[in-house]
Amino acid sequence: MTAIETLRHSPEQLRVRIAEELDRARNRSITLTDAVDREDLVRQHSPLMSPLVWDYAHIGNQEELWLVRDVGGREPVREDIDNLYDAFAHKRADRPSLPLLGPDEARSYVAEVRRKVLDVLERTPLEGRRLTEAGFAFGMIVQHEQQHVETMLATHQLRVGAPVLDAPAPPPGRAPASDEVYVPGGMFLMGTDLEPWALDNERPAHAVGVEPFWIDADPVTNAQYIAFVEAGGYDDERWWTPAGWAHRQAAGLAAPQFWHRDGDTWRRTRFGHVEEVPPQEPVQHVCWYEADAYARWAGKRLPTEAEWEKAARYDPATGRSLRYPWGDDDPTAAHANLAGAHLQPAPVGAYPDGVSPLGVRGLIGDVWEWTSSDFTPYPGFAMFPYPEYSEVFFGSDYKVLRGGAWATDPSACRTTFRNWDYPIRRQIFAGFRCARNARPEDADV
Ligand code: AVJ
Ligand code: FE
(Lines give C-alpha, C1' and ligand atoms only; values in the text may rest on other atoms or scores of the structure.)
(Ligands and ions follow the chains in the order given, each with its own letter.)
Protein backbone atom coordinates (compact mmCIF):
# COMPACT_ATOMS: atom_id res chain seq x y z
CA MET A 1 0.00 0.00 0.00
CA THR A 2 1.43 3.35 -0.97
CA ALA A 3 0.87 6.59 0.88
CA ILE A 4 -1.01 7.90 -2.15
CA GLU A 5 -3.29 4.88 -1.95
CA THR A 6 -4.12 5.73 1.65
CA LEU A 7 -6.17 8.56 0.17
CA ARG A 8 -8.39 6.02 -1.53
CA HIS A 9 -8.76 3.82 1.53
CA SER A 10 -11.79 3.50 3.65
CA PRO A 11 -11.42 5.27 7.00
CA GLU A 12 -11.31 1.82 8.66
CA GLN A 13 -8.35 0.71 6.53
CA LEU A 14 -6.57 3.99 7.16
CA ARG A 15 -7.06 3.61 10.91
CA VAL A 16 -5.59 0.11 10.82
CA ARG A 17 -2.61 1.43 8.89
CA ILE A 18 -2.09 4.31 11.35
CA ALA A 19 -2.31 1.97 14.36
CA GLU A 20 0.32 -0.31 12.76
CA GLU A 21 2.65 2.62 12.11
CA LEU A 22 2.25 3.92 15.67
CA ASP A 23 2.98 0.44 16.98
CA ARG A 24 6.04 -0.06 14.80
CA ALA A 25 7.51 3.25 15.97
CA ARG A 26 6.82 2.40 19.61
CA ASN A 27 8.42 -1.02 19.32
CA ARG A 28 11.63 0.60 18.07
CA SER A 29 11.62 3.17 20.91
CA ILE A 30 11.07 0.43 23.47
CA THR A 31 13.86 -1.71 22.02
CA LEU A 32 16.34 1.15 22.30
CA THR A 33 15.30 2.20 25.81
CA ASP A 34 15.01 -1.35 27.18
CA ALA A 35 18.47 -2.20 25.84
CA VAL A 36 20.30 -0.28 28.57
CA ASP A 37 20.04 -0.09 32.35
CA ARG A 38 18.47 2.77 34.29
CA GLU A 39 21.76 4.56 34.81
CA ASP A 40 22.45 4.56 31.06
CA LEU A 41 18.92 5.84 30.40
CA VAL A 42 19.35 8.95 32.55
CA ARG A 43 23.03 9.60 31.75
CA GLN A 44 24.11 12.05 29.07
CA HIS A 45 26.36 10.08 26.72
CA SER A 46 27.45 13.20 24.82
CA PRO A 47 26.72 16.91 25.26
CA LEU A 48 25.32 16.75 21.71
CA MET A 49 22.56 14.39 22.78
CA SER A 50 19.75 14.24 25.31
CA PRO A 51 19.57 11.47 27.89
CA LEU A 52 17.61 8.59 26.32
CA VAL A 53 14.92 9.01 28.97
CA TRP A 54 14.39 12.61 27.76
CA ASP A 55 13.83 11.49 24.15
CA TYR A 56 11.39 8.85 25.34
CA ALA A 57 9.21 11.19 27.41
CA HIS A 58 9.51 13.92 24.74
CA ILE A 59 8.07 11.45 22.21
CA GLY A 60 5.10 10.95 24.54
CA ASN A 61 4.73 14.67 25.21
CA GLN A 62 4.61 15.59 21.50
CA GLU A 63 2.05 12.83 21.01
CA GLU A 64 0.00 14.22 23.90
CA LEU A 65 0.16 17.81 22.60
CA TRP A 66 -0.94 16.97 19.07
CA LEU A 67 -3.10 13.87 19.30
CA VAL A 68 -4.61 13.89 22.80
CA ARG A 69 -5.11 17.64 23.25
CA ASP A 70 -5.37 19.13 19.75
CA VAL A 71 -6.83 16.35 17.58
CA GLY A 72 -8.72 14.63 20.42
CA GLY A 73 -9.76 17.77 22.29
CA ARG A 74 -9.15 15.85 25.53
CA GLU A 75 -7.94 17.06 28.91
CA PRO A 76 -4.13 17.22 29.33
CA VAL A 77 -2.42 14.16 30.80
CA ARG A 78 0.59 16.00 32.28
CA GLU A 79 0.48 19.70 31.45
CA ASP A 80 3.03 20.28 34.22
CA ILE A 81 5.84 18.63 32.22
CA ASP A 82 5.34 20.41 28.90
CA ASN A 83 8.20 22.82 29.52
CA LEU A 84 10.69 20.05 30.43
CA TYR A 85 10.15 18.37 27.09
CA ASP A 86 10.00 21.50 24.96
CA ALA A 87 13.11 21.17 22.77
CA PHE A 88 13.30 24.96 22.42
CA ALA A 89 13.13 25.64 26.16
CA HIS A 90 16.29 23.70 27.11
CA LYS A 91 19.45 22.92 25.13
CA ARG A 92 20.44 19.26 24.92
CA ALA A 93 23.45 19.90 27.15
CA ASP A 94 21.18 21.23 29.93
CA ARG A 95 18.59 18.47 29.85
CA PRO A 96 20.26 16.03 32.30
CA SER A 97 20.00 18.60 35.11
CA LEU A 98 16.24 19.10 34.67
CA PRO A 99 13.77 17.36 37.04
CA LEU A 100 12.91 14.84 34.31
CA LEU A 101 10.54 11.92 34.72
CA GLY A 102 12.51 8.86 35.79
CA PRO A 103 12.51 5.70 33.64
CA ASP A 104 9.44 4.14 35.28
CA GLU A 105 7.46 7.39 35.29
CA ALA A 106 8.40 8.07 31.67
CA ARG A 107 7.30 4.59 30.61
CA SER A 108 3.93 4.82 32.29
CA TYR A 109 3.35 8.37 30.98
CA VAL A 110 4.16 7.37 27.41
CA ALA A 111 1.92 4.28 27.65
CA GLU A 112 -0.98 6.30 29.08
CA VAL A 113 -0.75 8.81 26.25
CA ARG A 114 -0.75 6.00 23.70
CA ARG A 115 -3.85 4.37 25.19
CA LYS A 116 -5.70 7.67 24.86
CA VAL A 117 -4.40 8.19 21.32
CA LEU A 118 -5.71 4.83 20.15
CA ASP A 119 -9.12 5.84 21.48
CA VAL A 120 -8.88 9.25 19.77
CA LEU A 121 -7.96 7.44 16.53
CA GLU A 122 -11.16 5.41 16.67
CA ARG A 123 -13.32 8.51 17.11
CA THR A 124 -11.66 11.10 14.88
CA PRO A 125 -12.94 11.72 11.35
CA LEU A 126 -9.94 11.51 9.01
CA GLU A 127 -11.33 14.17 6.74
CA GLY A 128 -12.86 17.62 6.97
CA ARG A 129 -10.03 19.26 8.92
CA ARG A 130 -6.62 19.85 7.37
CA LEU A 131 -4.73 18.63 10.45
CA THR A 132 -6.36 15.20 10.34
CA GLU A 133 -6.98 14.88 6.58
CA ALA A 134 -5.80 11.40 5.50
CA GLY A 135 -4.48 10.97 9.03
CA PHE A 136 -1.81 13.68 8.66
CA ALA A 137 -1.38 14.53 12.37
CA PHE A 138 -1.00 10.83 13.20
CA GLY A 139 1.53 10.47 10.38
CA MET A 140 3.41 13.51 11.65
CA ILE A 141 3.62 11.97 15.12
CA VAL A 142 4.71 8.60 13.70
CA GLN A 143 7.50 10.39 11.84
CA HIS A 144 8.40 12.40 14.93
CA GLU A 145 8.86 9.24 17.00
CA GLN A 146 10.83 7.57 14.21
CA GLN A 147 13.10 10.63 13.92
CA HIS A 148 13.80 10.39 17.65
CA VAL A 149 14.48 6.66 17.24
CA GLU A 150 17.23 7.68 14.85
CA THR A 151 18.46 10.27 17.37
CA MET A 152 18.46 7.59 20.07
CA LEU A 153 20.52 5.34 17.77
CA ALA A 154 23.06 8.15 17.46
CA THR A 155 23.12 8.33 21.27
CA HIS A 156 23.68 4.56 21.44
CA GLN A 157 26.56 4.94 18.99
CA LEU A 158 28.15 7.59 21.24
CA ARG A 159 27.63 5.50 24.37
CA VAL A 160 30.77 3.86 25.73
CA GLY A 161 30.54 0.31 27.08
CA ALA A 162 29.75 -3.26 26.19
CA PRO A 163 27.57 -3.75 23.07
CA VAL A 164 23.82 -4.01 23.69
CA LEU A 165 22.47 -3.84 20.12
CA ASP A 166 22.90 -6.45 17.40
CA ALA A 167 21.50 -7.15 13.94
CA PRO A 168 22.13 -9.50 11.01
CA ALA A 169 24.73 -8.45 8.42
CA PRO A 170 23.52 -6.58 5.33
CA PRO A 171 23.37 -8.30 1.91
CA PRO A 172 26.51 -8.33 -0.27
CA GLY A 173 27.32 -5.51 -2.70
CA ARG A 174 28.05 -5.54 -6.39
CA ALA A 175 30.06 -3.30 -8.71
CA PRO A 176 28.23 -0.58 -10.67
CA ALA A 177 27.95 -0.69 -14.48
CA SER A 178 29.76 2.65 -14.48
CA ASP A 179 31.03 4.91 -11.71
CA GLU A 180 29.01 7.95 -12.77
CA VAL A 181 25.57 8.52 -14.25
CA TYR A 182 24.67 11.30 -16.68
CA VAL A 183 21.62 13.33 -15.73
CA PRO A 184 20.16 15.36 -18.60
CA GLY A 185 19.45 19.05 -18.05
CA GLY A 186 15.96 20.52 -18.01
CA MET A 187 12.95 20.77 -15.81
CA PHE A 188 11.62 18.21 -13.38
CA LEU A 189 8.98 18.29 -10.65
CA MET A 190 10.59 18.77 -7.22
CA GLY A 191 8.75 18.39 -3.91
CA THR A 192 5.22 17.08 -3.53
CA ASP A 193 1.55 18.01 -3.24
CA LEU A 194 0.42 14.38 -3.27
CA GLU A 195 2.03 12.62 -0.32
CA PRO A 196 -0.54 12.85 2.47
CA TRP A 197 2.08 12.65 5.22
CA ALA A 198 4.74 14.87 3.59
CA LEU A 199 5.89 17.64 5.94
CA ASP A 200 5.59 21.34 5.21
CA ASN A 201 9.16 21.80 3.94
CA GLU A 202 8.61 19.22 1.14
CA ARG A 203 5.77 21.32 -0.30
CA PRO A 204 4.64 22.57 -2.73
CA ALA A 205 5.58 20.58 -5.83
CA HIS A 206 7.29 22.97 -8.24
CA ALA A 207 9.17 22.76 -11.52
CA VAL A 208 12.94 23.19 -11.23
CA GLY A 209 15.48 23.32 -14.04
CA VAL A 210 18.96 21.89 -13.67
CA GLU A 211 21.96 22.01 -16.00
CA PRO A 212 23.15 18.59 -17.23
CA PHE A 213 25.48 16.95 -14.71
CA TRP A 214 27.16 13.73 -13.72
CA ILE A 215 26.44 12.09 -10.38
CA ASP A 216 28.23 9.19 -8.71
CA ALA A 217 26.37 5.91 -9.19
CA ASP A 218 27.01 5.16 -5.50
CA PRO A 219 27.78 7.04 -2.30
CA VAL A 220 31.51 7.50 -1.64
CA THR A 221 32.82 4.30 -0.05
CA ASN A 222 35.15 3.83 2.89
CA ALA A 223 37.86 2.62 0.47
CA GLN A 224 37.55 5.81 -1.57
CA TYR A 225 37.54 7.94 1.55
CA ILE A 226 40.64 6.16 2.91
CA ALA A 227 42.43 7.16 -0.30
CA PHE A 228 41.66 10.80 0.53
CA VAL A 229 42.87 10.36 4.12
CA GLU A 230 46.07 8.62 3.02
CA ALA A 231 46.75 11.19 0.30
CA GLY A 232 46.96 13.76 3.11
CA GLY A 233 43.59 15.31 2.35
CA TYR A 234 43.12 16.43 5.95
CA ASP A 235 46.44 18.31 5.86
CA ASP A 236 46.00 20.15 2.56
CA GLU A 237 44.20 23.44 2.94
CA ARG A 238 43.50 23.57 -0.81
CA TRP A 239 40.61 21.13 -0.51
CA TRP A 240 38.81 22.94 2.30
CA THR A 241 36.68 26.05 2.42
CA PRO A 242 38.00 28.66 4.89
CA ALA A 243 35.29 27.74 7.40
CA GLY A 244 35.94 24.04 6.82
CA TRP A 245 39.68 24.41 7.31
CA ALA A 246 39.18 26.43 10.50
CA HIS A 247 36.88 23.72 11.83
CA ARG A 248 39.21 20.91 10.76
CA GLN A 249 42.03 22.66 12.71
CA ALA A 250 40.01 23.53 15.79
CA ALA A 251 38.37 20.10 16.08
CA GLY A 252 41.52 18.17 15.12
CA LEU A 253 39.69 16.21 12.41
CA ALA A 254 41.85 13.48 10.84
CA ALA A 255 39.42 10.68 9.85
CA PRO A 256 35.68 9.95 10.17
CA GLN A 257 34.30 9.89 13.71
CA PHE A 258 34.60 6.50 15.45
CA TRP A 259 37.61 5.45 13.31
CA HIS A 260 41.08 4.67 14.61
CA ARG A 261 44.23 3.41 13.06
CA ASP A 262 45.56 0.02 14.19
CA GLY A 263 48.92 -0.61 12.50
CA ASP A 264 48.12 -0.68 8.80
CA THR A 265 44.41 -1.14 9.31
CA TRP A 266 41.57 1.33 9.81
CA ARG A 267 39.13 0.13 12.44
CA ARG A 268 35.91 1.60 13.70
CA THR A 269 33.77 1.27 16.78
CA ARG A 270 30.13 0.57 15.92
CA PHE A 271 27.66 0.17 18.80
CA GLY A 272 30.51 -1.08 20.97
CA HIS A 273 31.91 -3.53 18.43
CA VAL A 274 35.44 -2.81 17.16
CA GLU A 275 35.75 -4.00 13.57
CA GLU A 276 37.75 -3.40 10.43
CA VAL A 277 36.31 -0.56 8.32
CA PRO A 278 34.40 -2.35 5.51
CA PRO A 279 35.91 -1.02 2.25
CA GLN A 280 32.75 -1.18 0.13
CA GLU A 281 30.36 0.43 2.60
CA PRO A 282 29.42 4.10 2.14
CA VAL A 283 31.51 6.24 4.47
CA GLN A 284 29.50 7.63 7.39
CA HIS A 285 30.09 9.94 10.35
CA VAL A 286 31.68 12.64 8.22
CA CYS A 287 30.61 16.26 8.53
CA TRP A 288 29.64 18.51 5.61
CA TYR A 289 33.09 20.14 5.63
CA GLU A 290 34.79 16.75 5.22
CA ALA A 291 32.39 15.75 2.43
CA ASP A 292 32.97 19.05 0.66
CA ALA A 293 36.77 18.72 0.98
CA TYR A 294 36.73 15.15 -0.34
CA ALA A 295 34.69 16.22 -3.36
CA ARG A 296 37.14 19.01 -4.20
CA TRP A 297 40.09 16.60 -3.84
CA ALA A 298 38.30 14.20 -6.22
CA GLY A 299 37.85 17.01 -8.77
CA LYS A 300 34.12 17.06 -8.16
CA ARG A 301 31.57 18.80 -5.92
CA LEU A 302 28.55 17.92 -3.80
CA PRO A 303 25.23 17.82 -5.67
CA THR A 304 22.60 20.45 -4.95
CA GLU A 305 19.45 19.06 -3.40
CA ALA A 306 17.61 19.69 -6.70
CA GLU A 307 20.23 17.62 -8.52
CA TRP A 308 19.99 14.87 -5.92
CA GLU A 309 16.20 14.75 -6.19
CA LYS A 310 16.25 14.73 -9.99
CA ALA A 311 18.76 11.85 -9.99
CA ALA A 312 16.54 10.01 -7.50
CA ARG A 313 13.09 10.33 -9.09
CA TYR A 314 13.15 11.70 -12.63
CA ASP A 315 11.99 9.11 -15.13
CA PRO A 316 13.32 10.07 -18.58
CA ALA A 317 10.84 7.72 -20.29
CA THR A 318 7.83 9.70 -19.08
CA GLY A 319 9.26 12.95 -17.71
CA ARG A 320 7.47 12.13 -14.44
CA SER A 321 8.90 12.36 -10.94
CA LEU A 322 8.49 9.00 -9.19
CA ARG A 323 7.73 8.62 -5.48
CA TYR A 324 10.86 6.51 -5.01
CA PRO A 325 13.83 5.68 -7.26
CA TRP A 326 12.27 2.28 -8.09
CA GLY A 327 8.75 3.58 -8.72
CA ASP A 328 5.66 4.37 -6.70
CA ASP A 329 5.60 1.43 -4.27
CA ASP A 330 6.47 1.88 -0.61
CA PRO A 331 9.97 0.69 0.37
CA THR A 332 10.48 -2.98 1.21
CA ALA A 333 13.57 -4.81 2.48
CA ALA A 334 14.40 -5.57 -1.19
CA HIS A 335 14.56 -1.89 -2.18
CA ALA A 336 16.74 -0.28 0.46
CA ASN A 337 18.55 -0.64 3.77
CA LEU A 338 16.20 1.12 6.20
CA ALA A 339 14.60 0.90 9.66
CA GLY A 340 17.73 -0.30 11.49
CA ALA A 341 17.47 -3.79 10.02
CA HIS A 342 21.28 -4.16 9.88
CA LEU A 343 22.54 -1.40 12.19
CA GLN A 344 25.05 -0.37 9.51
CA PRO A 345 25.17 0.68 5.85
CA ALA A 346 25.23 -2.11 3.27
CA PRO A 347 28.07 -2.40 0.74
CA VAL A 348 27.31 -0.36 -2.38
CA GLY A 349 25.17 -2.17 -4.94
CA ALA A 350 23.47 -4.38 -2.36
CA TYR A 351 19.98 -3.31 -3.49
CA PRO A 352 19.64 -3.77 -7.27
CA ASP A 353 15.84 -3.40 -6.94
CA GLY A 354 16.34 0.11 -5.56
CA VAL A 355 18.06 1.63 -8.60
CA SER A 356 16.69 4.86 -10.10
CA PRO A 357 15.47 5.04 -13.73
CA LEU A 358 18.74 6.73 -14.72
CA GLY A 359 20.80 4.04 -12.97
CA VAL A 360 21.76 5.74 -9.69
CA ARG A 361 22.07 3.34 -6.76
CA GLY A 362 21.69 3.49 -3.00
CA LEU A 363 19.79 6.78 -2.94
CA ILE A 364 17.35 5.65 -0.27
CA GLY A 365 18.72 4.26 2.99
CA ASP A 366 22.32 3.36 3.96
CA VAL A 367 23.56 6.90 4.70
CA TRP A 368 22.03 10.36 4.65
CA GLU A 369 23.72 12.26 1.83
CA TRP A 370 25.03 15.76 2.38
CA THR A 371 24.09 18.16 -0.41
CA SER A 372 25.64 21.55 -1.20
CA SER A 373 22.32 23.29 -0.44
CA ASP A 374 21.33 25.44 2.51
CA PHE A 375 17.99 24.60 4.14
CA THR A 376 15.65 27.16 2.57
CA PRO A 377 11.89 27.17 1.86
CA TYR A 378 10.56 26.19 -1.56
CA PRO A 379 8.73 28.89 -3.52
CA GLY A 380 5.18 28.92 -2.17
CA PHE A 381 6.17 27.37 1.18
CA ALA A 382 3.43 27.59 3.80
CA MET A 383 4.22 26.69 7.40
CA PHE A 384 2.06 23.79 8.65
CA PRO A 385 1.18 22.96 11.34
CA TYR A 386 3.83 24.61 13.56
CA PRO A 387 6.82 26.89 12.83
CA GLU A 388 9.26 24.92 14.99
CA TYR A 389 9.29 21.92 12.66
CA SER A 390 10.96 23.65 9.69
CA GLU A 391 10.45 27.37 9.44
CA VAL A 392 12.64 28.47 12.34
CA PHE A 393 15.58 26.54 10.83
CA PHE A 394 15.51 28.10 7.36
CA GLY A 395 18.61 30.08 6.41
CA SER A 396 22.30 29.52 5.83
CA ASP A 397 23.17 27.82 9.14
CA TYR A 398 22.03 24.35 8.06
CA LYS A 399 22.89 22.08 5.13
CA VAL A 400 20.33 19.71 3.60
CA LEU A 401 20.74 15.94 3.73
CA ARG A 402 18.74 13.59 1.52
CA GLY A 403 17.73 9.97 1.14
CA GLY A 404 17.62 8.60 4.69
CA ALA A 405 20.07 6.29 6.42
CA TRP A 406 20.05 2.62 7.47
CA ALA A 407 18.55 3.92 10.74
CA THR A 408 15.68 5.81 9.10
CA ASP A 409 12.20 4.35 9.07
CA PRO A 410 10.35 4.20 5.73
CA SER A 411 7.61 6.41 7.23
CA ALA A 412 10.18 9.22 7.49
CA CYS A 413 11.96 8.54 4.20
CA ARG A 414 10.91 9.80 0.77
CA THR A 415 12.69 11.19 -2.28
CA THR A 416 11.14 14.51 -1.25
CA PHE A 417 12.09 14.26 2.44
CA ARG A 418 14.49 16.99 3.60
CA ASN A 419 16.74 16.59 6.63
CA TRP A 420 19.15 19.27 7.82
CA ASP A 421 21.99 19.78 10.24
CA TYR A 422 24.95 22.04 10.99
CA PRO A 423 27.93 21.51 8.66
CA ILE A 424 30.12 20.45 11.62
CA ARG A 425 27.88 17.60 12.78
CA ARG A 426 29.01 14.02 12.29
CA GLN A 427 27.32 11.90 14.94
CA ILE A 428 24.41 11.55 12.50
CA PHE A 429 24.46 8.65 10.01
CA ALA A 430 25.62 10.81 7.12
CA GLY A 431 27.85 10.27 4.11
CA PHE A 432 27.68 11.75 0.61
CA ARG A 433 28.09 11.21 -3.10
CA CYS A 434 29.79 13.56 -5.57
CA ALA A 435 28.63 15.28 -8.75
CA ARG A 436 30.26 17.36 -11.48
CA ASN A 437 29.12 19.64 -14.28
CA ALA A 438 28.66 18.03 -17.69
CA ARG A 439 30.42 19.44 -20.75
CA PRO A 440 28.37 20.12 -23.91
CA GLU A 441 29.80 17.04 -25.68
CA ASP A 442 28.66 14.78 -22.79
CA ALA A 443 25.06 15.04 -24.02
CA ASP A 444 25.89 12.38 -26.67
CA VAL A 445 26.46 9.60 -24.10
C1 AVJ B 1 14.44 16.99 10.99
C2 AVJ B 1 15.94 15.49 12.07
C3 AVJ B 1 16.47 17.82 11.95
O4 AVJ B 1 15.81 15.80 15.05
O5 AVJ B 1 16.11 17.94 15.08
C6 AVJ B 1 12.52 15.96 15.98
C7 AVJ B 1 13.43 16.25 13.60
N8 AVJ B 1 11.96 17.79 14.98
N9 AVJ B 1 11.77 16.68 16.81
C10 AVJ B 1 15.59 16.92 14.62
C11 AVJ B 1 12.65 16.65 14.84
C12 AVJ B 1 11.42 17.80 16.21
C13 AVJ B 1 14.67 17.11 13.43
N14 AVJ B 1 15.37 16.85 12.13
FE1 FE C 1 11.25 16.20 18.80
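Just so it is clear, the model here is predicted, and its values are computed rather than measured.

Conventions and cut-offs
- Residues numbered from 1 in each chain as written.
- Chains lettered and ligands numbered in written order.
- Predicted model: local features only at pLDDT ≥ 70, side-chain atom pairs only at ≥ 80, totals over all residues.
- Heavy atoms only, no water.
- Pairing = 2+ DSSP bridges.
- Helix = DSSP H or I, 4+ residues; strand = E, 2+ residues; numbered from the N terminus.
- Axes fitted to C-alpha atoms, helices over the stretch in contact; angles between N-to-C directions.
- Domains from an automatic or database assignment.
- Contact = heavy atoms within 4.5 Å.
- Buried area = accessible area lost by both parts, 1.4 Å probe.
- Salt bridge = Lys/Arg side-chain N within 4 Å of Asp/Glu carboxyl O.
- Donors = N, O, S within 2.8 Å, 3.2 Å for Na, K, Ca; no water.
- Tetrahedral: all angles 85-135°; square planar, octahedral: opposite > 155°, others 65-115°.
- Buried < 20%, exposed > 50% of the residue type's maximum accessible area, 1.4 Å probe, protein only.
- Parallel < 35°, antiparallel > 145°, perpendicular 65-115°, else oblique.
- Left-handed = near helix turned anticlockwise from the far one by under 90°.
- Phe/Tyr/Trp six-rings, centres within 6.5 Å; stacked < 30°, edge-to-face > 60°.
- Lys NZ or Arg CZ within 6 Å of the ring centre and 35° of its normal.

Colleague: When you look at the sheet that holds strand S1 (residues 180-183) in this model, what are you seeing that I'm missing?
Modeller: The strands making up a sheet are joined through hydrogen bonds of the backbone, oriented either antiparallel or parallel. Spatially, three strands are ordered S1-S4-S12 in an open sheet, and the strand pairing comes out antiparallel. Pairing within the sheet leaves two strands with one partner each, and these edge strands are S1 and strand S12 (435-437). Adjacent strand axes in the sheet meet at a mean angle of 25 degrees when their direction is disregarded.

Colleague: Even after reading the chapter, I still don't get the domain arrangement of the protein chain, so can you show me in this structure?
Modeller: In many analyses, interface size is given as the accessible surface area lost on bringing the parts together. Each domain of the protein chain was delimited in the assignment, giving domain 1 (3-158) and domain 2 (166-445). Between domain 1 and domain 2, the C-alpha centre-to-centre distance is 27 Å. Taken together, the contact pairs 31 residues of domain 1 with 38 residues of domain 2. Together, the buried faces of domain 1 and domain 2 total about 3,000 Å²; carbon and sulfur atoms form 64% of this surface. A per-residue breakdown of the area domain 1 buries against domain 2 is headed by Gln 143, Glu 150 and Gln 157, which together make up 23% of the total. A salt bridge links Arg 24 to Asp 409, with the shortest nitrogen-to-oxygen separation between them at 2.6 Å.

Colleague: Explanation requested: the coordination of the iron ion (ligand 2) in the structure shown.
Modeller: For the iron ion (ligand 2), every protein donor is listed as His 58 (NE2), His 144 (NE2) and His 148 (NE2), and the spread of their distances is 2.1 to 2.2 Å. Geometry at the iron ion (ligand 2) is irregular, judged from its four donor atoms and the angles of 90 to 170 degrees they form at the metal. Counting residues between consecutive donors of the iron ion (ligand 2) along the chain gives the motif H-x85-H-x3-H. With His 58 in helix H4 (residues 52-71) and His 148 in helix H6 (residues 136-158), this residue pair connects regions lying 90 residues apart in the sequence. Residue His 148 is classed as buried on the basis of its relative accessible area, which comes to 12%.

Colleague: Would you explain the packing of helix H2 (residues 11-34) against H4 in this entry?
Modeller: The description of two helices packed together rests on the angle between their axes and the distance between the axes. Between H2 and H4, whose axes approach to 10 Å, the crossing angle comes to 160 degrees. Between H2 and H4, the crossing angle belongs to the class labelled roughly antiparallel. The crossing of H2 and H4 is left-handed. Listed contacts from H4 to Arg 26, Ser 29, Ile 30 and Thr 33 of H2 are Leu 52, Tyr 56, Ile 59 and Glu 63.

Colleague: It is not clear to me how the packing of aromatic side chains should be interpreted in this structure. Could you clarify?
Modeller: Here a ring pair, both rings aromatic, is described through the centre-centre distance and the interplanar angle of the planes. Taken as a whole and assessed by the stated rule, the structure comprises 31 aromatic pairs. With a centroid separation of 5.3 Å and an interplanar angle of 65 degrees, the aromatic rings of Tyr 182 and Trp 214 are classed as edge-to-face. Taken together, the residues Tyr 182 in strand S1 and Trp 214 in strand S4 (residues 213-216) connect sequence positions 32 residues apart. Given a relative accessible area of 12%, Trp 214 falls into the buried group. Three or more aromatic residues link up through ring pairs in this structure, and these residues are Trp 66, Phe 88, Phe 375, Phe 381, Tyr 386, Tyr 389, Phe 393, Phe 394, Tyr 398, Trp 420 and Tyr 422. The lysine or arginine in question, Arg 248, covers the ring of Trp 245, its NZ or CZ lying 5.6 Å from the ring centre. Stacked on the ring of Trp 288, the Lys or Arg Lys 399 has its end atom at 4.5 Å from the ring centre.

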